[in-house]
There are 6 protein chains.
Amino acid sequence: MATVRLLSDEEAAVNPAVQAVFDDIRATRKSDFINNFWRALAHDPAALKRTWESLKAIMVAEGPLDPLTRELIYIAVSTANGCSYCVHSHTAAARAKGMTDDQHAHLVAIIGMAAQTNALVTALQVPVDEAFLVAG
Amino acid sequence: MATVRLLSDEEAAVNPAVQAVFDDIRATRKSDFINNFWRALAHDPAALKRTWESLKAIMVAEGPLDPLTRELIYIAVSTANGCSYCVHSHTAAARAKGMTDDQHAHLVAIIGMAAQTNALVTALQVPVDEAFLVAG
Amino acid sequence: MATVRLLSDEEAAVNPAVQAVFDDIRATRKSDFINNFWRALAHDPAALKRTWESLKAIMVAEGPLDPLTRELIYIAVSTANGCSYCVHSHTAAARAKGMTDDQHAHLVAIIGMAAQTNALVTALQVPVDEAFLVAG
Amino acid sequence: MATVRLLSDEEAAVNPAVQAVFDDIRATRKSDFINNFWRALAHDPAALKRTWESLKAIMVAEGPLDPLTRELIYIAVSTANGCSYCVHSHTAAARAKGMTDDQHAHLVAIIGMAAQTNALVTALQVPVDEAFLVAG
Amino acid sequence: MATVRLLSDEEAAVNPAVQAVFDDIRATRKSDFINNFWRALAHDPAALKRTWESLKAIMVAEGPLDPLTRELIYIAVSTANGCSYCVHSHTAAARAKGMTDDQHAHLVAIIGMAAQTNALVTALQVPVDEAFLVAG
Amino acid sequence: MATVRLLSDEEAAVNPAVQAVFDDIRATRKSDFINNFWRALAHDPAALKRTWESLKAIMVAEGPLDPLTRELIYIAVSTANGCSYCVHSHTAAARAKGMTDDQHAHLVAIIGMAAQTNALVTALQVPVDEAFLVAG
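Per an unreviewed UniProt entry, chain A goes by the name Carboxymuconolactone decarboxylase-like domain-containing protein and belongs to Starkeya nomas.

Here it is, written out as structure tokens:
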């Protein structure tokens, strides 16, 4: 159960700023479905608008990484941060964007491998090699 | 400074099990360079072999995700886990595999966006939507 | 479900050390309610006493930060650490100490913003500016 | 050392979008100092603008939490996320906004206490009390 | 609910590589019980085999740390990483290997203490003492 | 560099409450060495005393887990929390209490294995088996 109530469509309609974001989510995603994250965030219309617009710019707009790759990265971060909701929602999003079962299994294996070597490096306090310090 | 000494090539050569892994790293990567992570892990030859073989299976062998995408996911996990060494080494690896500056910037933006929504979701304790619970 | 049983009032009453802490929690909070955290911790009366006394010194006693600010900080840490129980219990505590919905929304926005810039900084491995290194 | 070069003022001046953000940071903070975070982020002018504008809306604009409290929350999140740069920069910012040594010590004690009880709760897997589940 | 289906014994039997690992888990543990983790991982038979063999080498085979100590360390890491499933499964495993209630309480206290001092150190950004930098 | 100055012995001597803790640390550890953590924490004499007394109760006093096992758990938590200082100081402490190189390597392997399976479980969102839900 959330620490705030989830706004229904009726409640969202009361505030034009919220309604505008909900409309844009629906138009952008070509779906009537508004997931719980936005319904919880909608208590703060400015945060709702800011977050949705940032997400749209990073995850939806044209960009150098393709939509599926973006979702894989999102799942990776969400897993490392232990966000159950985010793992569920972005795994569903990745599947909707064409992620196959084999790709999902590969993603999961990479996440596990990275978590392991991250821990080994931290336990051993390995110093960064000079060769890696040449910035872009 | 590491919590263990980093093995030099001379020290690695003393143990055939270590030497064999170092040889395979060099042959696989077509480079003489062995980074500090392996030199720190080499005190435990079984762990060295196990970790390298898993990494090779997941990051080098044929698979459904391409080599650059794998590195982007690795950077994402390493960032979320706060592993400075790993961020440096895998950012270098991604660049060596063709990551452009624009792709790097996009990756960083996704990592930041995911971290933010992960935190918002956790603060708001958003319950998982039914729609996301249909497993593969 | 907890990894230990939650002690009932009857079980707590069997051990005077546990009973004394439960009594002090009730007296301090002016409420009969003992939340599950203390009932789980009560299997280790020394830990129960130590934790409660530290919490009382830091969160209840007079101090330079006011009670509501303390709860906001507690929520922030609990969110970043992904502790669902703690987010729920301290959000309830903050509301009981007067946190408004607007303050809660502001808190959540700050937590999200900090999580994002934390991730950006780690991905970019930004070195600390000299100007920030002048200690207190 | 960063994974990207830090942009100098001269390089920032080449791109009007970057220059505009740097100008606004200087005007808003009434200081000529631009810290390394922005110089690293400036390679992605859209991210630079988006991040600065969100930060300004959340940390600088009028709002229900006062500026010092916001910084305390930022330090708390940054500590829990293990971001050394962010702990340094926001501790400096909090001092600039009037944080006393006693307030800093209190903040640190709360962060430590929260981290401890977060861990105890997770180890004991304490279930959320019904009483905490009444959302706002 | 998992992001993949949990394989039943019937489904596992279809793939000899999966069946072989399930057989080895049962033989090694001298129990017919296969917990959900392996049933979720079994969609990737290579990952299943690799993970089980690594786990067996580290947690079951002869080694310098005794089986119960290994489980205590596993619980500690799982708690710090916020993995509810892992805390539950390894607490059960530790009990099966003889962990007493007093040892569990001591473990939990150490985990909490470490989490607290970790946070204090990070908030204070304490530099490593020279005396600690003499590697093994 | 710390966010507070590290107290010298001369500065510690000015405050009897700080001096008393420093004296007890030296007497308990039978060593004149006071590491930086305590010198940073000493700005808050109450926190210094509370933290030292808790640490002494949990890490030094008689208890069901032996001193070396306690340090191994401390290293495990500190690694998962990414506390470089704590990994260094407790690895040194474990060595001083007799940890062999083989035990250290085993510890590191367990930490890495746990981090990996924690991540796999979170990515797959594995539900807790009924069999693990029988509390102590």
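Here the narrative resumes, following the displayed structure.
To continue, consider the overall build of chain A. Each helix and strand in chain A was counted, giving seven helices and zero strands. Along the chain direction, N to C, the helices and strands of chain A fall in the order α-α-α-α-α-α-α. Taken along its principal axes, the extent of the C-alpha atoms in chain A is 55 × 35 × 30 Å. Here chain A holds 136 residues, and the buried ones make up 58% of them. Considering only contacts in chain A between residues 6 or more positions apart, those separated by 24 or more positions represent 46%. Measuring between centres, the 11 positive side-chain charges of chain A sit 6 Å from its 15 negative side-chain charges.

Glancing now at the relation of the copies chain D and chain C. Under the fitted operation, chain D is carried onto chain C by 0.0 Å of movement along the axis and a turn of 180°, and the coordinates agree to an RMSD of 0.0 Å. Classification of the inter-copy transformation places it as that of a two-fold axis. Comparing contact sets, 100% of the residues at the interface of chain D also lie at the interface in chain C, consistent with an isologous, same-surface contact.

Next up on the list: the interface of chain E and chain F. The interface is formed by 63 residues belonging to chain E together with 64 residues belonging to chain F. Of the roughly 5,800 Å² buried between chain E and chain F, counting both surfaces, carbon and sulfur atoms make up 75%. At the boundary of chain E with chain F, the tally comes to zero salt bridges. For the pair chain E and chain F, the interface holds 24 residue pairs in polar contact (both at pLDDT 80 or more). Looking at the side of chain E that touches chain F, the elements that each hand over two or more residues are α3 (36-41), α4 (45-60), α5 (67-80), α6 (84-96) and α7 (101-124) of chain E. Taken together, the residues of the side of chain E that touches chain F break down into 40 nonpolar, 18 polar and five charged.

Here we come to the domain arrangement of chain A. Residue and element names in this part refer to chain A. Taken domain by domain, chain A comprises domain 1 (1-61) and domain 2 (64-129 + 132-136). Contacts between domain 1 and domain 2 engage eight residues on the former and five residues on the latter. Here domain 1 meets domain 2 over a buried area of about 520 Å², counting both sides, of which 52% is carbon and sulfur. At the boundary of domain 1 with domain 2, the tally comes to zero salt bridges. Taken together, the elements giving at least two residues each to the side of domain 1 that touches domain 2 come down to α3 (36-41) and α4 (45-60). It is α4 that contributes the most residues to the side of domain 1 that touches domain 2, four residues altogether. A per-class count over the side of domain 1 that touches domain 2 returns six nonpolar, two polar and no charged.

Mapped onto this numbering, the UniProt entry gives "domain: Carboxymuconolactone decarboxylase-like" (unreviewed entry) at residues 47-126 of chain A. Note that residues 47-126 of chain A is 81% helix and 0% strand, and that its end C-alpha atoms are spaced 40 Å apart.

Before going further, it helps to spend a moment on the pattern of salt bridges. Under the criterion given, the structure shown has 42 salt bridges over all chains. The residue D9 of chain B makes a salt bridge to R39 of chain B at a minimum N-O spacing of 3.0 Å. With D9 of chain B in helix α1 (residues 9-14) and R39 of chain B in helix α3 (residues 36-41), this residue pair connects regions lying 30 residues apart in the sequence. Between K56 of chain C and D24 of chain C there is a salt bridge, and its shortest N-O distance comes to 2.6 Å. Separated by 32 residues along the polypeptide, K56 of chain C in helix α4 (residues 45-60) and D24 of chain C in helix α2 (residues 16-29) bring together distant segments of the chain.

What counts and what doesn't
- Residues numbered from 1 in each chain as written.
- Chains lettered and ligands numbered in written order.
- Predicted model: local features only at pLDDT ≥ 70, side-chain atom pairs only at ≥ 80, totals over all residues.
- Heavy atoms only, no water.
- Helix = DSSP H or I, 4+ residues; strand = E, 2+ residues; numbered from the N terminus.
- Buried < 20%, exposed > 50% of the residue type's maximum accessible area, 1.4 Å probe, protein only.
- Contact = heavy atoms within 4.5 Å.
- Lys, Arg positive; Asp, Glu negative; His and termini not counted.
- Charge placed at Lys NZ, Arg CZ, Asp CG, Glu CD.
- Least-squares fit on C-alpha atoms with pLDDT ≥ 70 in both.
- Buried area = accessible area lost by both parts, 1.4 Å probe.
- Salt bridge = Lys/Arg side-chain N within 4 Å of Asp/Glu carboxyl O.
- Polar contact = N/O pair within 3.5 Å; in protein donor to acceptor, adjacent residues only side chain to side chain.
- Nonpolar A, V, L, I, M, F, W, Y, C, P; charged D, E, K, R; others polar.
- Domains from an automatic or database assignment.
- UniProt positions renumbered as here; feature names shortened; annotations may be inferred.

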